[in-house]
Every structure is written in C-alpha cells, then in structure tokens.
Amino acid sequence: MKRSLAHALPLALLALVAAGCDGEEHSEPLNLSLSFKPRVGAQAFACGKRYTGLGTTGTSYEPKDFRLYLHDVRLLTTEGAEVPVTLTDDGAWQKDGLVLLDFEDKTGLCSNGTEAMNDRLVGTAPGGHYSGLRFTVGVPFEKNHQDASTAGAPMNVSTLFWSWTGGYKFIRLDGRTSGLPNGHNLHLGSTECQTSGPHQVTSCQNANRFEVELAGFDPEKGQAVVLDVAALFAGSNLGANQAHTAPGCMSESTDEDCAPIFQRLGLGFGGTQANPAQQAFFRQE
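Residues numbered from 1 in each chain as written. Predicted model: local features only at pLDDT ≥ 70, side-chain atom pairs only at ≥ 80, totals over all residues. Heavy atoms only, no water.

Participant: Describe the state of the cysteines, and please don't skip the residues or the numbers.
Facilitator: Scanning the entire structure with this criterion turns up three disulfides. Linked covalently through their sulfurs, C47 and C110 form a disulfide whose S-S length is 2.1 Å. Every disulfide takes its handedness from the sign of the S-S torsion; for C47 and C110 that torsion is -90°, giving left-handed. A residue pair is termed long-range when its members are at least 10 positions apart, and C47 in the loop between strand 2 (43-44) and strand 3 (51-54) and C110 in the loop between strand 8 (98-102) and strand 9 (120-125) qualify at 63 residues. C110 matches C47 in its accessibility class, with the two residues each being buried. Linked covalently through their sulfurs, C193 and C204 form a disulfide whose S-S length is 2.0 Å. Here the disulfide of C193 and C204 is right-handed, its torsion about the S-S bond being about 100°. Taken together, the residues C193 in strand 15 (residues 191-197) and C204 in strand 16 (residues 200-206) connect sequence positions 11 residues apart. Just as C193 is buried, C204 falls in that class too. (Disulfide = S-S within 2.5 Å. Helix = DSSP H or I, 4+ residues; strand = E, 2+ residues; numbered from the N terminus. Buried < 20%, exposed > 50% of the residue type's maximum accessible area, 1.4 Å probe, protein only.)

Now the structure itself:
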C-alpha cells in the first residue's frame, strides 16, 4: 500500500504542474487583427470599378463611397459565453471601443472621401478558444450626438455626420447606377430623435443599430469578415427611386426603398419587426 501511494504521489504532482502550465498558456492575451473584405458578389470592391447585374433589375453600379462604424466587438467561447475585445486606440481609426472602416480611396467617383483606408480592427482579448464573433454596426448613443467639428478621430469625419440631432451615418455606401446616374445613396443612421433642449438628444425612435453574429468564426485561423454589396442590394431596384424621397435610402421610415435593404441588415422597417437571422450583408470567409 505504501509503495502504491509513493508511486501515485509523483504522478499527481505532474498532473498539477501540467494543469498549471496549461492555465498559464491560456491566460496569455490574444492579439487580434481582424480583416474586413468588401466585395460585390465574387468581385473585390474598389472605387473606379463598374459592376453589373445588381439588384432586382440587374443594373450596373459604380462606387462613390463605402465607410461604416463598428463597436461592441465580442468573441464567443465554445460554450457560447461573450468575451469583450479591447480595441487598441490608434489616433486615427479606433478610439474608446469604436472603429471606422474605410474602403474608399478617393479615386474614380469616390472624390468625396480620403486617400487613407482601413480594412481591419485591432485589439486584444483574454486567451482562450473561440468559435464566434459579434459586433454592433453603428455609433453608441452616448457618442452619436456630439459636435463632429470638435470630436477626435475617428469621429471627426464631417462627411459621415448628419447633424447633432441625427448624429452620425453608421453606414455610408454611395454609388451610381444606370437608372440613377446622379447617385443611389445608402446612409444608415438614427432617425426621429427627440430633444430636451439645444444639443440635448434624449432618445431616437429608430436607433437603426444592429448586431452581427458570425457563428464558427475562429480568430486564430486568420478568417476574414466579408461585406457583400451585391447581397445587401439583392432585393432592391437600384435603377428607380420612390417619388419625393432622397435618392436611394436615407433611413427615413416612409421611404420604401429602404425596406429591402433594412431586411438584409436584420433591421425592422415600418410595421416589420427586426429579424437578425435575415442579415445578409456580413458573412465570414
């Protein structure tokens, strides 16, 4: 009996040491650099290009702008628990958990943009095994209604700002189509906002932020997030526009041109409830 106990004790100690080593390995932070790839169907998105076969009428599409804000980035463990990602402040694209993705380069019809581009988010998360990704498209309410002229990057882009009441354009995706040569514009942002005084927004009836979940996403395998413009516009007639409304969709609740776009973002529109399962704009590669 004593001999068995003597042999068992070293084995138990070895197991504890091994467990301790595993714990140290998993406690090391995970450095993240998640890539976002804009596409139009199977083709890469780029200013200066002309795409065909978009929407319900198969129209042509020439990009004029493509930028958007993301925040509240989380990884999902294999058990389904959320783990926040801490974004790295860089003085240009990321600040306080918010990131600006910019896919235009001021070439072609994208003269309203900037030469600088950003196609990724950078941050850290606790070490572990992850199998999913979640993030929210848009600007948080507490940051959305500020003075863009005095805000720091990436909130200082005037072309992504409506007004202190409406706040920022969460997505700006502009293009020119064969039926709308002057432009088809998608500007997603909060609408019908209430105020309690000058520059004091208390709420917005249509927040128009939405969450994206990509199940099976493993950040350690170098997977990318695809934004598919063709999938977003699959149910839209990009060659026509509802009378007496802005060209394209400016998030107005009475503009029926927004209905199929909102559906593919998983957002509610009019009397239709939000359905995140119908989100088709983002997918993993």
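Participant: Give me the lowdown on the packing of aromatic side chains, citing residues and values where you can.
Facilitator: The full count for this structure, using the stated rule, is 11 aromatic pairs. Chaining the aromatic ring pairs together yields one cluster made of F36, F45, F66, F103, F135, F210, F281 and F282. (Phe/Tyr/Trp six-rings, centres within 6.5 Å; stacked < 30°, edge-to-face > 60°.)

Participant: Could you give an account of the nonpolar core, naming the residues involved and the relevant values?
Facilitator: F36, L68, F135, L173 and F282 are the most contacted members of the largest nonpolar core, which has 49 residues in total. Looking at which element gives the most residues to this core, the answer is strand 4 (residues 59-77), with six residues. Excluding its chain neighbours within four sequence positions, the residues that come into contact with L173 are F45, Y61, D65, F66, H184, N185, L186, V229, L232 and F233. (Core = buried A, V, L, I, M, F, W, Y, C linked by side-chain atoms within 4.5 Å. Contact = heavy atoms within 4.5 Å.)

Participant: Can you explain the confidence of the model for the chain? Please cite residues and give values.
Facilitator: Scored by pLDDT, the chain has a mean of 91; 91% of the residues are at 70 or more. Predicted confidence is poor over residues 8-25, with pLDDT under 50, and the contacts of this stretch with residues over four places away or in other chains come to zero contacts. (pLDDT = per-residue confidence, 0-100.)

Participant: Break down the environment of F217 for me, citing the residues and quoting the values.
Facilitator: Within the secondary structure, F217 is located in the loop between strand 17 (210-215) and strand 18 (225-228). Linking F217 and G132, residues 85 residues apart in sequence, is a C-alpha distance of 4.3 Å. F217 has contacts with L34, Y130, S131, G132, L133, Q223, A224, V225 and Q284, leaving out every residue within four places of it along the chain.

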